[in-house]
Amino acid sequence: MKQTIIHWIKKDVILMISWILAILFMVVVPPDKQYLEYIDWKTLGLLFSLMAVMAGLKEMGVFQTLGKHLLSKVKSKRGIESVLVLLCFFSSMIVTNDVALITFVPFAIEVLTMANKKKSIVFVVVMQTIAANLGSMFTPIGNPQNLYIYAKSQMPLQVFFITIAPYVVLSFVLIMICLLCRKNELVKANLNIHYVGKVKKEKLVAYGILFVLNLLCVGKITPVWMIVIITVIMLSVMDRKIFGKIDYALLFTFIGFFLFVGNMGRITTLKQWIEAILQKNELLTIIGTSQVISNVPTALLLSGFTSHWEILLIGTNLGGLGTMIASMASLISYKYIAKELPNEKGQYVISFTICNIGFLVLLVGLYLVIL
């Protein structure tokens, strides 16, 4: 029993931290009616529905099928590496950074092993992780902090894209430079890639419709409550097992931080202190906080103390670079490396850190130029 509890705590450290903080601050600010106002139910509902759609599509092998078809056209080492990395960059804009990594990191390890290019795995997985974290910042549905900031701020969609586009463009250029600098050679292996799952047309159509409805909700055309009801009904009728694939820990992490941040905002002295820190240098404060508690909790924490939504958006996305916990999605890649290539863990951590810091410095430099 004790080992089970310890394992569960290690698995969801951020969840535990969010609720420990929430409970501690409940002592200072006893529960009352305002607690319900802390929670952004719209963000939670939309996040639930999007996770259901992505889990369903992944279960059918849709993303791996796409990757397989793309790779069937590629015959060079540089081409294979580029496809594997860019799959993460572009797919993360729609399917989120963690889904992109869960799908394409093991796929990349399989492909490179079959192509007799195992020495490329560390580089490719590092670049996939960076690509997923940076590509996902381009859309409101690309990652949880974007969805939250977009919904909370009521930011117009065009303002969102205009704010983040320069960083996405530079990220793409930097990724392409890294890929094009790689040594190229022909790959002779037959990449007869297998995948788990079977694409069923009726389910694909259903998930496609549900995804479009989610996009309409992001565009503030359809209400969140309707999307949640449709999602629950569709899964109950067509694909019940997907209920077990949804990341409920993330939803409860959000709730914990909503309670924590809400109570912090009611403690005047603490609120003034945090606002004073933010005023000194908002971007660096946001990025620095992300390095310690990761960018999603940072967005939830600091959203209650700043009205500069564009800076919070830029800061939490760039803040996903740096340490391995700056973006929790980065841990997904590390777990795959640790499992499949345990002897390469040290090299991976070094390469990951150097590349992340390099990208972070250059992107912060772009912010200073724009500013």
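My aim in this report is to walk through the structure given alongside it, one point at a time. In this text, all values refer to a predicted model and were calculated from it rather than measured experimentally.

Check the secondary structure of the protein chain and you find 19 helices and zero strands. Relative to the globule expectation of 21 Å for 371 residues, the C-alpha radius of gyration of the protein chain, 21 Å, shows essentially globular dimensions. Residues classed as buried in the protein chain amount to 53% of the 371 residues present. Sequence separation of at least 24 residues holds for 80% of the intrachain contacts in the protein chain that already meet a minimum separation of 6. Accessible surface, the protein chain: about 17600 Å² in total, of which carbon and sulfur atoms supply 69%. Placing the 32 positive and 17 negative side-chain charges of the protein chain at their respective mean positions leaves the two points 8 Å apart.

Relative to each other, helix α6 (residues 77-95) and helix α8 (residues 121-135) sit at 20°, their axes nearing to 7 Å. For the element pair α6 / α8, the angle class is roughly parallel. As for how α6 packs across α8, the hand of that crossing is right-handed. Mapping the contact onto sequence places E81, L84, V85, C88, F89, S92 and M93 in α6 and F123, V124, M127, Q128, A131, A132, L134 and G135 in α8. Across the contact of α6 with α8, the residue classes tally to eleven nonpolar, three polar and one charged.

Relative to the helices and strands, T139 resides in the loop between α8 and α9 (144-153). Among the polar contacts made by the side chain of T139, one reaches the main-chain carbonyl oxygen of M93 at a distance of 2.4 Å. Among residues more than four places away in sequence, those in contact with T139 are M93, N146, F160 and F161.

The next thing to look at is helix α11 (residues 201-218). Given a rise of 1.5 Å per residue, 18 residues ought to cover 26 Å, and the 26 Å separating the end C-alpha atoms of α11 matches this to within 8%. Taken residue by residue, α11 has K203, A206, Y207, L210, F211, L213, N214, C217 and V218 as its buried positions. What you see down the axis of α11 is that its buried residues fit within an arc of 160°, all on one side. Facing away from the buried side of α11, by more than 90 degrees, are the exposed residues K201, E202 and V205. Contacts made by the buried residues of α11 are with α4 (41-59), α6, α9 and α12 (224-238). Downstream of α11 by a residue or two, K220 has a phi angle that is positive, lying close to 65°.

Attention shifts here to a nonpolar patch on the surface. A cluster of nonpolar residues, W225, I229, I233, V237 and M238, forms a patch on the protein surface that exposes about 530 Å² of accessible area. Here I229 falls in the partly exposed class, since its relative accessible area comes to 42%.

Before going further, it helps to examine the packing of aromatic side chains. The relative placement of two aromatic rings is captured by the distance of their centres and the angle of their planes. Using the criterion set out here, one finds twelve aromatic pairs in the structure. Seen in terms of ring centroids, Y334 and Y348 are 6.3 Å apart; in terms of plane orientation they differ by 40°. Their pairing is tilted. Here Y334, found in helix α18 (residues 330-340), pairs with Y348, found in helix α19 (residues 345-370); they are 14 residues apart in sequence, far enough to count as distant. Through a chain of ring-to-ring contacts, three or more aromatic side chains come together here, namely F138, Y150, F160 and F161.

On to the environment of Q154, then. If you trace the backbone, Q154 turns up in the loop between α9 and α10 (157-180). In this structure the C-alpha to C-alpha distance between Q154 and K75, which are 79 residues apart in sequence, comes to 46 Å. At 2.9 Å, the side chain of Q154 and the backbone oxygen of A151 are in polar contact.

With that settled, consider the pattern of salt bridges. With the rule as written, the count across this model stands at seven salt bridges. Here E59 makes a salt bridge to K245, at a shortest N to O gap of 3.9 Å. Residue E59 is found in helix α4, and its partner K245 is found in the loop between α12 and α13 (248-264); the two are separated by 186 residues along the sequence. As a salt-bridge pair, R182 and E81 come within 3.1 Å of each other at their nearest N and O atoms.

Our next topic: the environment of T129. Among the secondary structure elements, T129 is positioned in helix α8. With a relative accessible area of 0%, T129 lands in the buried category. Separated by 25 residues in the primary sequence, T129 and Q154 place their C-alpha atoms 29 Å from one another. With sequence-adjacent residues up to four places away left out, T129 is seen in contact with L101, S330, S333, Y348 and F352. Separated by 2.7 Å, the side chains of T129 and S333 make a polar contact.

Right, let's talk about the packing of helix α7 (residues 97-114) against α18 for a bit. Between α7 and α18, the least distance of the axes is 9 Å, while the angle of their chain directions is 25°. Comparing the axis directions of α7 and α18 gives the class roughly parallel. Note on packing geometry: the crossing formed by α7 with α18 is right-handed. Contacts between α7 and α18 involve D98, L101, I102, V105, P106 and I109 on the former and, on the latter, I332, S333, Y336 and E340.

The terminal C-alpha atoms of α7 lie 25 Å apart, and with 18 residues this matches the ideal 26 Å at 1.5 Å per residue to within 8%. Roughly 25° is the biggest bend found in α7, and it falls at F104, with proline P106 one to four residues downstream. Just downstream of α7, N116 is the residue with a positive phi angle, here 60°.

What counts, and where the lines are drawn
Residues numbered from 1 in each chain as written. Predicted model: local features only at pLDDT ≥ 70, side-chain atom pairs only at ≥ 80, totals over all residues. Heavy atoms only, no water. Helix = DSSP H or I, 4+ residues; strand = E, 2+ residues; numbered from the N terminus. Rg over C-alpha atoms; globule rule 2.2 N^0.38 Å. Buried < 20%, exposed > 50% of the residue type's maximum accessible area, 1.4 Å probe, protein only. Contact = heavy atoms within 4.5 Å. Areas by Shrake-Rupley, 256 points an atom, 1.4 Å probe, with all protein chains shown as cover. Lys, Arg positive; Asp, Glu negative; His and termini not counted. Charge placed at Lys NZ, Arg CZ, Asp CG, Glu CD. Axes fitted to C-alpha atoms, helices over the stretch in contact; angles between N-to-C directions. Parallel < 35°, antiparallel > 145°, perpendicular 65-115°, else oblique. Left-handed = near helix turned anticlockwise from the far one by under 90°. Nonpolar A, V, L, I, M, F, W, Y, C, P; charged D, E, K, R; others polar. Polar contact = N/O pair within 3.5 Å; in protein donor to acceptor, adjacent residues only side chain to side chain. Expected span 1.5 Å × (residues − 1). Arc of directions from axis to C-beta. Patch = residues over 30% accessible without salt bridge, like charges linked within 9 Å, V, L, I, M, F, W, Y side chains within 5 Å. Salt bridge = Lys/Arg side-chain N within 4 Å of Asp/Glu carboxyl O. Phe/Tyr/Trp six-rings, centres within 6.5 Å; stacked < 30°, edge-to-face > 60°. Bend = angle between axes of the 7 residues up to and from the residue.

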